[in-house]
Amino acid sequence: MGERIKLTKKEAGDAIKGKLSRFFGVNDQEATSEQLYKAVVMVVRDILLEKRKSYHYKVKEAQGKRVYYLCMEYLLGRSLKNNVYNLGIGDALEGALKAYNTNLEELYENEPDAGLGNGGLGRLAACFMDSLASLDYPTMGYSLRYEYGLFKQKIVDGWQMELPDNWLPGGEVWLTQRLDKAFKVKFDGYIVEKWEEGRMRVEHVDATEVEAGPYDMMISGKDSEAVSVLRLWSARSCKSFDMRSFSEGDYMRCVRESGEAELLTKVLYPSDNHFEGKSLRLKQQYLLVSASLQNILKMHYERYGTFDNLPDKASIHINDTHPALCIPELMRLLMDEHGYDWDTAWNMVVRTVAYTNHTVMSEALEKWSEDLIARRLPRIYSIIKEINSRFCAQMWQLFPGDWDKINRMSIISYGQVKMANLSVIGSKKINGVSALHSDIIKESIFKDFNDVYPERFTNVTNGIAYRRWLCQSNPELTSLISDCIGDGFIKDGAQLAKFAQFATDSQVLQRINEIKSTKKKQLADYLRRYTDVKLNPDTLFDVQAKRMHEYKRQLLNVLHIIDLYEELKANPNLDIQPQTFIFGAKAASGYYFAKQIIKLICYLAADIDKNPNKLIREKLKVCYIENYSVTVAEKLMPATEVSEQISQAGKEASGTGNMKFMINGALTIGTMDGANVEMHASVGDENIYIFGLRANEVEELWRKGYNSSYYYNTNPRLRRIINSLKLGYNGESFAFVADYLLTGSPVADPYMCMADFADYAQKRGVMLGDYKDRTLWAQKSLRNVAASGVFSSDRSIKEYAENIWDLKPVK
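To keep things clear, this report deals only with the structure shown in the data block. (Residues numbered from 1 in each chain as written. Predicted model: local features only at pLDDT ≥ 70, side-chain atom pairs only at ≥ 80, totals over all residues. Heavy atoms only, no water.)

Either a parallel or an antiparallel arrangement is found when strands of a sheet pair, and the pairing is made through backbone hydrogen bonds. Taken in spatial order, the 6 strands make up an open sheet running β20-β19-β18-β21-β22-β23, and their pairing is parallel. Of all the strands in the sheet, just β20 (620-625) and β23 (689-690) have a single pairing partner and so form its edges. Sitting on the sheet, helix α34 (residues 774-786) is in contact with β21 (642-645), β22 (667-670) and β23, with an inclination near 85 degrees to β22. (Pairing = 2+ DSSP bridges. Helix = DSSP H or I, 4+ residues; strand = E, 2+ residues; numbered from the N terminus. Contact = heavy atoms within 4.5 Å. Axes fitted to C-alpha atoms, helices over the stretch in contact; angles between N-to-C directions.)

What follows is the structure, given as structure tokens:
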């Protein structure tokens, strides 16, 4: 364990005062809350920079292997609270801030969530950076410095509107610009090949050059020596300012080229339902991998004077297929820039790169138009073609005459470049993110590759940075656990298992219930303060918070709510547990049906709120949290009592929200999908509410011929729900949802909401029965907390380090 930072109240106060004076020109009395926030961030950043420098020398001396983690997004949330906690300097800063009549909690509200990520992929990457630092692994993460995040969600009359997420004014204080580390990246043009001195030389002619300038963000580990560095690339034009055009009054021309270059890092995940959007996304991905690899190779050569030992000293990890161009780009650099022949370079690439797959849905596997890659990245295209040609020739030797198999495995097929196939062919290891997911990819989308490379496939179940999601987000529960088992679990999540021995302790169970009640009230107060949402903490809080997508089946949840609403309208005196259903989700800007489901939820909520019968309003509440974010999740998850993890079995790769709810004592109702399977094994069948078809049963039902109308015709409750949808809510019919479930094209009810509804409703009945027994519910909650240690990202990172990266900590 690394030494804690020794920072006194006086030292913190002097440092803050110095920052206010030097950077803002204000004294103690004049400083605004925003200036104080930035001054405190600067103090914390200085500490991190010193730690980083010290650790850098230790790693350099050890000459150990390093991991480079490439991901298009990092969903970091706020950084100040996390770094203050991990560094252990909260008390010193709190003491210093008393002179300004403020505290850290107030300053935290000045920080926007970093606009660098969107969903589970980015949040996983953020958790991993935290654990890599906490476990003292030499690490550098790479992504892009987006000027605007995905978008700020605004719900207007039930419809999702997308507003700019301008996070940099409050967030760039965390970034340290590195003008000495910029690299040039080439697009467009064409290539010329010529032989010189017995080897082929490749020249990229008429290319458009863009400069990638790095900004570093430091991420502290908990009581560790290491600091993870997240290097973010910002694009700018390589050409100097066109003074002639400016002098002639042609202002648009003189800024056009710089504007086009800067567009590359303007927005996270630009809409790609048109050609220009696709082209921009492809260029973003190449900018990330080219700048990152140039940086990695430059640092490596400075350390060792050779690239021959690259696979022994570096592991380059591509998180999903967005950085898959890393494989041909590393080939380009090794061959064109550093003189390696093809076979040697390819051997180095395959021994250096590893790939994590995050989806089993074939439609979600990234594919690019062959023509687009050829136009935008001509040299990369020629290398991909050569990789594919050599690979297909090898497969022809193994499977002579099996054209279908080789076509499925080919990188290029029918005018498309399949990035998942490229990632598998060019990686030493390929992992799924839950046991079920890893089995499915070997049996379905990557079955052909598993036949050839079975040793490459493995599993690393996702994990969460529980020090953020439990220790920081739920200090009340953390204090209870520490009182019971000590604080060893803060660095070793496996020790949470000791908490299970208190499952029959009446005082502990009473505190479990009291803490949950406290967190519910805190959430209600937070939402009342920052939104127009009003919650009753005395109701059951049932939450589904995740990206809005058909396979995640927010619609199944809505069908149940409609069923409950119809029951109450028929009998307002129905003796049921009052429930509040909370949704938080963003839909992709071009995903029309997902936006329609948001509208359905909002209109249903409004209809219930307007119901004239007070008894109904007291027993049923639906709310949609606008612009759901990491910061909101930190308030929501500790307050949740029921966690909805109800995706269609076989579709969710893992999930990590399910783990965050679990570690905060929520009970899960879910399908046997993703990490739910391992959660079920960890906590036991009696402490989780599993329902619905299993993955193999889903496949079997498709083979037999799925007919959603069968469930409509045989279940009176479903018929009532469908009729209710047609009549509508808040003055608008949702007949299109009824049509989607019964007569949709190309297939009705593609994620089998109708098939799973009856079992879902039945299991919810069991769950509500258990909820009435407050002692029983507290026992189940406690056992979930105790069983959640295995889902720590520390455990995940150790498995990556041992089984994929061959990485050792440097202490």
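This part takes up the sheet that holds strand β15 (residues 416-418). One open sheet holds the 3 strands; their spatial order is β13-β15-β14, and the pairing between them is antiparallel. Single-partner strands in this sheet number two, and they are β13 (367-369) and β14 (412-413). Of the pairings in the sheet, the one linking β13 to β15 comprises 3 bridges and is antiparallel in character. Following the sheet pairing, Lys367 is matched in β15 by Lys418.

So, about the pairing of strand β12 (residues 353-356). A two-sided burial pattern is seen for β12, the buried positions comprising Val353 and Tyr355 on one face and Ala354 and Thr356 on the other. Where strand β11 (residues 314-319) lies against β12, 4 bridges are found, and the strand directions are parallel. Each residue of the ladder has a partner; that of Asn319, found in β12, is Thr356. Direction of pairing for β12 relative to strand β16 (residues 429-432): parallel, over a ladder of 3 bridges. Pairing of Thr356 across the sheet is with Asn431, part of β16. (Buried < 20%, exposed > 50% of the residue type's maximum accessible area, 1.4 Å probe, protein only.)

Let us now look at the pattern of salt bridges. Taken as a whole and judged by the stated rule, the model has 54 salt bridges. When the shortest N-O distance is used, the salt bridge between Arg390 and Asp343 registers 3.2 Å. Within this pair, whereas Arg390 is found in helix α15 (residues 378-398), its partner Asp343 is found in helix α13 (residues 342-352), the two being separated by 47 residues in sequence. The exposure class of Arg390 is partly exposed, given its relative accessible area of 34%. Here Lys599 and Glu732 are joined by a salt bridge, their closest N and O atoms 2.8 Å apart. Of this pair, Lys599 sits in helix α24 (residues 592-610) while Glu732 sits in the loop between α31 (716-727) and α32 (735-742), and the two are 133 residues apart along the sequence. Residue classification places Glu732 among the partly exposed positions, given a relative accessible area of 27%. What emerges from the salt-bridge pattern is a single network uniting Arg52, Arg178, Asp180, Asp216 and Arg231. (Salt bridge = Lys/Arg side-chain N within 4 Å of Asp/Glu carboxyl O.)

Moving on: the pairing of strand β19 (residues 579-584). Of all 6 residues that make up β19, 6 are buried, and the element is covered over most of its length. The sheet contact formed by strand β18 (residues 540-545) and β19 spans 6 bridges and is parallel. Within β19, the position partnered with Asp542 by the bridge is Phe581. What joins β18 to β19 is helix α23 (residues 554-570), and the crossover it makes is right-handed. Of the pairings in the sheet, the one linking β19 to β20 comprises 6 bridges and is parallel in character. Note that in β20 the partner of Ile582 across the bridge is Cys623. (Right-handed = clockwise from strand over helix to strand, strands pointing away.)

Turning our attention to the nonpolar core. Buried together is how nonpolar side chains tend to be arranged in soluble globular proteins. Ranked by size, the top nonpolar core spans 221 residues in total, and within it Ile16, Val44, Leu725, Leu741 and Trp805 carry the most contacts. In this structure, Ala465, Leu527, Ile582 and Ala666 belong to the second largest nonpolar core, which totals 59 residues. (Core = buried A, V, L, I, M, F, W, Y, C linked by side-chain atoms within 4.5 Å.)

The full count for this structure, using the stated rule, is 26 aromatic pairs. Relative to Tyr286, the ring of Phe187 has its centre 5.8 Å away and its plane inclined at 75 degrees; by these criteria the two rings are edge-to-face. In this pair, Phe187 is assigned in strand β6 (residues 183-187) and Tyr286 in helix α10 (residues 275-304), connecting sequence segments 99 residues apart. For the residue pair Phe187 and Tyr286, the accessibility class agrees, reading buried in each case. Here Phe446 and Phe457 contribute two aromatic rings whose centre-to-centre distance is 6.2 Å and whose plane-to-plane angle is 40 degrees, an arrangement assigned as tilted. (Phe/Tyr/Trp six-rings, centres within 6.5 Å; stacked < 30°, edge-to-face > 60°.)

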